[in-house]
Amino acid sequence: AAMALMECEEAEKYGVEYASVGEVLADSEVSGDVSHKIEAGGRFYALISDGMGSGAVARRSAELVSGILSALLPISPPTDTAVHLLNSYLSDGSEECSATLDLFELNLYSREAVFIKSGGAPSYVKRGSSIFRIRSNTAPLGIMSAIDTEKIKVQVEVGDYIIMTSDGAHGTPEDAPWLVELIATVNPKSARALAETILAAAKKHHRRELDDITVTVLHITERDGV
């Protein structure tokens, strides 16, 4: 008798529309911010790393964070070991290196999400006209021998917008009131449109004179036919 071997795989039910835009610090040749997305193993990741300082040194620190996580995340979800590894690389270097870690992880089957922050700026979940703020008082990687990282779990819904920025968009460690008001009142047509609206407003508030600006926006969607 013939035998058929069937392999079943659970289909990813949810998707993410991703957009990331930025502006380099005035008089600087390269941005110290790195933004990146990774999709693997039923999970979607969005990362912003802001290298402390400016120019090439800041860029190298942020690229180290992005590069290591880009290699590790397709293999396994983020662990304390991976963050320890990053912290060790940055703090053991010959020159002073430090960078923020702002990582968003979404399970594409269940909509369970985690924000992982080490010194990252506040993030926001926009659900209609409601805003949920995700904030953490942690230090960037590379500053202390022990890691200072916070994991904040959230359950996102289809239609939610996730807004992540580097410090340059705020210009202050706290929330920028104009940014909170803008996110609450705007009715975005797409992730890219919202990201560009926030970037334009940040530039209008002269933040580019102070720091690089990066704005990443994610829109949670439902996959067709699932």
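Just so you know, these numbers come straight off a predicted model, no measurement behind them. (Residues numbered from 1 in each chain as written. Predicted model: local features only at pLDDT ≥ 70, side-chain atom pairs only at ≥ 80, totals over all residues. Heavy atoms only, no water.)

Side note on the overall build of the chain
- In terms of helices and strands, the chain carries four helices and ten strands.
- In the chain, the order of α-helices and β-strands from amino to carboxyl end is β-β-β-α-α-β-β-β-β-β-β-α-α-β.
- Counting all 226 residues of the chain, 48% fall into the buried class.
- The long-range share in the chain, meaning contacts at least 24 apart out of those at least 6 apart in sequence, stands at 73%. (Helix = DSSP H or I, 4+ residues; strand = E, 2+ residues; numbered from the N terminus. Buried < 20%, exposed > 50% of the residue type's maximum accessible area, 1.4 Å probe, protein only. Contact = heavy atoms within 4.5 Å.)

Topic: unusual backbone geometry
- At R111, a residue that is not glycine, the phi angle is positive and equals roughly 70°.
- Along the chain, R111 falls in the loop between β4 (101–107) and β5 (112–118).

Section: the sheet that holds strand β2 (residues 33–40)
- Spatially, five strands are ordered β2-β3-β4-β5-β8 in an open sheet, and the strand pairing comes out antiparallel. If you trace the sheet from one side to the other, it starts and ends with β2 and β8 (150–155), each paired once. Along the sheet, successive strands turn relative to each other by an average axial angle of 15°, direction set aside.
- Two strands pair when backbone bridges link them, and β2 and strand β3 (residues 43–50) are joined in this way by eight bridges, in the antiparallel orientation. Residue pairing in the sheet places K37 in a bridge with A46 of β3. (Pairing = 2+ DSSP bridges. Axes fitted to C-alpha atoms, helices over the stretch in contact; angles between N-to-C directions.)

Concerning the packing of aromatic side chains
- As enumerated under the stated definition, the model contains two aromatic pairs in all.
- Measuring from ring centre to ring centre gives 5.0 Å for F104 and F115, while their planes differ by 55°; the resulting arrangement is tilted. In this pair, F104 is assigned in strand β4 and F115 in strand β5, connecting sequence segments eleven residues apart.
- A relative accessible area of 0% means that F104 is categorised as buried. (Phe/Tyr/Trp six-rings, centres within 6.5 Å; stacked < 30°, edge-to-face > 60°.)

With respect to the confidence of the model for the chain
- Summary statistics for the chain give a mean pLDDT of 87 and a share of 89% for residues scoring 70 or more.
- The secondary structure element of the chain with the lowest average pLDDT is helix α2 (residues 80–91), at 83, and the one with the highest is strand β9 (residues 161–165), at 97. (pLDDT = per-residue confidence, 0-100.)

Concerning the sheet that holds strand β1 (residues 14–23)
- Pairing is antiparallel in the open sheet, where five strands are placed in the order β1-β10-β9-β6-β7. In this open sheet, the two edge strands, each paired with only one partner strand, are β1 and β7 (130–134). Along the sheet, successive strands turn relative to each other by an average axial angle of 20°, direction set aside.
- As paired strands, strand β6 (residues 123–127) and β9 are joined by three bridges and run antiparallel to one another. When the bridges of β9 are listed, K126 appears paired with Y161.
- Here helix α3 (residues 177–185) sits on the sheet in contact with β6, β7 and β9, set at roughly 25° to β6.

Points about the side chain of S31
- Position of S31 relative to the elements: it lies in the loop between β1 and β2.
- On the basis of relative accessible area, S31 is assigned to the buried category, the value being 13%.
- Among the polar contacts listed, one links the side chain of S31 to the backbone nitrogen of D33, at a separation of 3.0 Å.
- Setting aside anything within four residues of it in sequence, one finds S31 in contact with V24, R59 and D212. (Polar contact = N/O pair within 3.5 Å; in protein donor to acceptor, adjacent residues only side chain to side chain.)

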